[in-house]
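Topology and contacts: notes
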Amino acid sequence: LELLRTHSLAETARHIATTDQLTGLPNRSAVLERIGKAIAECTAEGRVGALLYIDLDHFKTINDHYGHSGGDAALQHAASIMRETVTPEMILGRIGGEEFVCFAPDSAAAAAAAMAIIVTLRATSVDHHGSDIAVTASIGVAVMGDAITPEALLANADRALYLAKSSGRDRIVHHEDIRIVEDAVLRGQFTRK
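Okay, so let's go over this structure. (Residues numbered from 1 in each chain as written. Predicted model: local features only at pLDDT ≥ 70, side-chain atom pairs only at ≥ 80, totals over all residues. Heavy atoms only, no water.)

Next up on the list: the overall build of the protein. Secondary structure assignment for the protein yields 6 helices and 7 strands. Order of helices (α) and strands (β) in the protein, N terminus to C terminus: α-α-β-α-β-β-α-β-β-β-α-β-α. Taking the intrachain contacts of the protein between residues at least 6 apart in sequence as the baseline, contacts between residues at least 24 apart amount to 68%. In the form shown here, the protein has an accessible surface area of approximately 10,600 Å², with 56% of it arising from carbon and sulfur atoms. (Helix = DSSP H or I, 4+ residues; strand = E, 2+ residues; numbered from the N terminus. Contact = heavy atoms within 4.5 Å. Areas by Shrake-Rupley, 256 points an atom, 1.4 Å probe, with all protein chains shown as cover.)

We now examine helix H5 (residues 150-166). Taking 1.5 Å per residue, 17 residues should reach 24 Å; H5 reaches 24 Å between its end C-alpha atoms and fits that length. Those residues of H5 that fall on the buried side of the exposure criterion are Pro-150, Leu-153, Leu-154, Asn-156, Ala-157, Ala-160, Leu-161 and Ala-164. Viewed end-on, H5 has its buried residues packed into an arc of 165 degrees, placing them on one side of the element. Relative to its buried face, H5 has exposed residues pointing more than 90 degrees away, namely Glu-151 and Tyr-162. (Expected span 1.5 Å × (residues − 1). Buried < 20%, exposed > 50% of the residue type's maximum accessible area, 1.4 Å probe, protein only. Arc of directions from axis to C-beta.)

Looking now at the pattern of salt bridges. Counted according to the given criterion, the structure contains 7 salt bridges. Notably, a salt bridge pairs Lys-60 with Asp-64, separated by 2.8 Å at the nearest N-O pair. Here Lys-60 and its partner Asp-64 are both found in helix H3 (residues 59-85), 4 residues apart, which amounts to about one turn of the helix. For the pair Lys-60 and Asp-64, one class covers both residues: exposed. It is possible to trace a salt-bridge network through shared partners that takes in Asp-55, Asp-57 and Lys-165. (Salt bridge = Lys/Arg side-chain N within 4 Å of Asp/Glu carboxyl O.)

On to unusual backbone geometry, then. The phi dihedral of His-58 falls on the positive side, at around 50 degrees, and the residue is not glycine. According to the relative accessible area criterion, His-58 is partly exposed, its value standing at 47%. Positive phi, close to 50 degrees, is recorded for His-129, a residue that is not glycine.

Turning our eyes to something else, we now look at the packing of helix H2 (residues 28-45) against H5. Running from amino to carboxyl end, H2 crosses H5 at an angle of 105 degrees, the nearest separation of the two axes being 9 Å. Taken together, H2 and H5 sit at an angle that is classed as roughly perpendicular. Of the residues in H5, those touching H2 at Arg-28, Leu-32, Ile-35, Gly-36 and Ile-39 are Pro-150, Leu-153 and Leu-154. A breakdown of the residues in the contact of H2 with H5 according to their chemical character gives 6 nonpolar, 1 polar and 1 charged. (Axes fitted to C-alpha atoms, helices over the stretch in contact; angles between N-to-C directions. Parallel < 35°, antiparallel > 145°, perpendicular 65-115°, else oblique. Nonpolar A, V, L, I, M, F, W, Y, C, P; charged D, E, K, R; others polar.)

This next bit is on the side chain of Asp-20. For Asp-20, the location among the structural elements is in the loop between helix H1 (2-18) and H2. Engagement of the side chain of Asp-20 in a polar contact is seen with the side chain of Thr-23, the distance being 2.5 Å. Asp-20 has contacts with Leu-25, Pro-26, Asn-27 and Arg-94, leaving out every residue within four places of it along the chain. (Polar contact = N/O pair within 3.5 Å; in protein donor to acceptor, adjacent residues only side chain to side chain.)

Turning to its location among the elements, Asn-27 is positioned in the loop between H1 and H2. A polar contact of 3.2 Å, which involves the side chain of Asn-27, links it to the side chain of Ser-29.

Strand pairing in a sheet is mediated by backbone hydrogen bonds. Such pairs are either parallel or antiparallel. Spatially, 5 strands are ordered S2-S3-S1-S6-S7 in an open sheet, and the strand pairing comes out mixed. The strands lining the two open edges of the sheet, one partner per strand, are strand S2 (91-96) and strand S7 (172-174). When the angles between neighbouring strand axes are averaged without regard to direction, this sheet yields 20 degrees. Here strand S6 (residues 137-143) pairs with S7 via 3 bridges, running parallel. Bridge pairing links Gly-140 to Val-173 in S7. Contacting strand S1 (50-56), S2, strand S3 (99-104), S6 and S7, H5 crosses the sheet at an angle of about 140 degrees to S6. (Pairing = 2+ DSSP bridges.)

Printed below as a string of structure tokens:
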């Protein structure tokens, strides 16, 4: 009996250490560790995975207008939508604040998940004490290539996310698109204004 109790306490401690308490999703360290293992599996199997870096739009405004309880409700709503949208082989987690990541071992499945998340969030809202809170997200997508660590994929997806947010929010930008535009600028096809 004592052994069972010790095991149960250890499992509880491990769960608390690896889980975001608000959303129930894996936290930053846990999700990045799982993504690292998934990237290694993709590499070994010759698969091309992709990472979604998801950031809720205008989150500070939600917190300012509805208070932290409204912000918490928005985070829980978004996490619920993502959890329902991703497939079992995808890895979803909250990495901090209003930021989430999702890794899919198939880049086409990742693109489909990104679109489903954007569309579903756009079509729903959070009922918070009689007020409807609209929640949208911007998503940066990075496909495995030279980036074969969670940190490198996250950095690429972060660049794409920055472009999604700076170009109007509530949209998806793929890291490959950034490189295409940068290459065109370097070749003189476009000029920066």
